[in-house]
Amino acid sequence: MLGLRVPLAEALAAVGRVFQAGAAFEPAALKASFRIIAADYAELVVLPQLLAALASEAPGVDLVTMVVGDAVEDVIQRGEADLALGASFVERGGLMLRPLFRDPFVVAIAAEHAPGRLTLERYLAARHVLVAPRALPGGVVDNRLASMNRARRVVLRTPCFQTALAIAARTDVLVTAPRSLALEYARHAPVVVFPPPLELPEVRFGALFSASRQDDVAHKWLRERVAALFPAKPPRKR
């Protein structure tokens with residue numbers, strides 16, 4: 001029974017906010033703490049801007065980030081977290097996904113080990129760090145290589161992109177990472193960024209939340225505030 005207290009209290013609070021939806025919602029008057037599932041990639045691309053916005057618009061709002069491995073959807077569904085930020089979510093009944101932006105992959109290499117051109121053969125001959133925020137083996141790179149009947153040598157698997165990039169800056173290993181994160185890290189460390197020598201799908205970054213929170217006015221405001229950090233780009237002219 002003790003385990004039900006937090007989800008039940010949150011559900012009752014959400015019901016109260018829904019009934020107050022008729023009144024004007026004032027973020028500046030909101031006193032709340034939101035729990036967000038986010039790996040270091042999501043923290044870096046979202047939190048600096050979001051915290052700056054909260055400081056001016058909703059100073060009574062606090063954030064707590066969590067890492068739950070491969071239990072993301074279960075934790076959101078049980079109401080133990082308000083929002084999950086990232087990619088590779090499993091869509092299921094009772095959950096909703098808000099797409100935010102797309103991020104292509106790049107390859108980060110220490111400047112002292114950077115080749116003039118990164119070919120597929122050089123990529124495959126190198127040692128790699130695999131970043132697995134959900135603590136699962138494989139991923140888009142290895143799946144793509146397998147479809148080509150090729151493979152790479154992974155010498156380290158870690159849940160943290162920034163750990164992988166820090167190691168890449170000091171060794172000869174390669175890290176395949178989202179471009180926004182790699183470029184940000186390259187501003188502060190001797191890392192060079194290359195396009196990947198194989199075709200990879202873009203990271204589809206989004207926000208996952210429980211459908212039961214869809215009409216919670218405070219939760220909706222938070223979702224919209226996060227989405228506003230990533231305005232949709234106009235379509236390319238042909």
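Before reading on, note that the structure itself is shown above.
Described in the following lines is the structure provided in the data block. (Residues numbered from 1 in each chain as written. Predicted model: local features only at pLDDT ≥ 70, side-chain atom pairs only at ≥ 80, totals over all residues. Heavy atoms only, no water.)

### Observations concerning the sheet that holds strand S2 (residues 61–66)
1) Next: Read from one edge to the other, the open sheet built from five strands follows the order S2-S1-S3-S10-S4, with strand pairing classed as mixed. With partners counted over all chains shown, the strands left at the sheet margins are S2 and strand S4 (95–103), one partner each. Neighbour to neighbour, the strand axes of the sheet diverge by 25° on average, direction disregarded.
2) Next: Against the sheet, helix H2 (residues 40–57) makes contact with strand S1 (32–38), S2, strand S3 (83–86), S4 and strand S10 (203–210), and its axis sits at roughly 175° relative to S2, the strand it touches most. (Pairing = 2+ DSSP bridges. Helix = DSSP H or I, 4+ residues; strand = E, 2+ residues; numbered from the N terminus. Axes fitted to C-alpha atoms, helices over the stretch in contact; angles between N-to-C directions. Contact = heavy atoms within 4.5 Å.)

### Things to note about the layout of surface pockets
1) Next: Here the largest pocket defines a volume of roughly 1,000 Å³.
2) Next: Contributing elements (two or more residues each) for the lining of the largest pocket: S1, H2, S3, S4, strand S6 (127–131), helix H5 (140–147), strand S8 (174–178) and S10.
3) Next: Per-element tally for the lining of the largest pocket: the top contributor is S4, with five residues.
4) Next: For the lining of the largest pocket, a count of residues per class yields 31 nonpolar, seven polar and six charged. (1 Å grid on protein atoms, 1.4 Å probe; cavity = no way out; pocket = protein on both sides within 12 Å on 5 of 7 lines; lining within 4 Å. Points joined across faces, edges and corners; volume = space filled by probe spheres on them. Nonpolar A, V, L, I, M, F, W, Y, C, P; charged D, E, K, R; others polar.)

### A word on the environment of Val45
1) Next: Take Val45: it is sitting in helix H2.
2) Next: Residue classification places Val45 among the buried residues on the basis of a relative accessible area of 12%.
3) Next: Counting along the chain gives 184 residues from Val45 to Leu229, while the straight-line C-alpha distance between them is 9.6 Å.
4) Next: Once residues lying within four places of it in the same chain are set aside, the contact partners of Val45 are Phe101, Ser180, Phe205 and Phe230. (Buried < 20%, exposed > 50% of the residue type's maximum accessible area, 1.4 Å probe, protein only.)

### Focus on unusual backbone geometry
1) Next: Look at Ser88: it is not a glycine, yet its phi comes out positive at around 60°.
2) Next: Position of Ser88 relative to the elements: it lies in the loop between S3 and S4.
3) Next: Notably, Asn149 is not glycine yet its phi reads approximately 60°, a positive angle.
4) Next: Here Asn149 lies in the loop between H5 and strand S7 (153–158).

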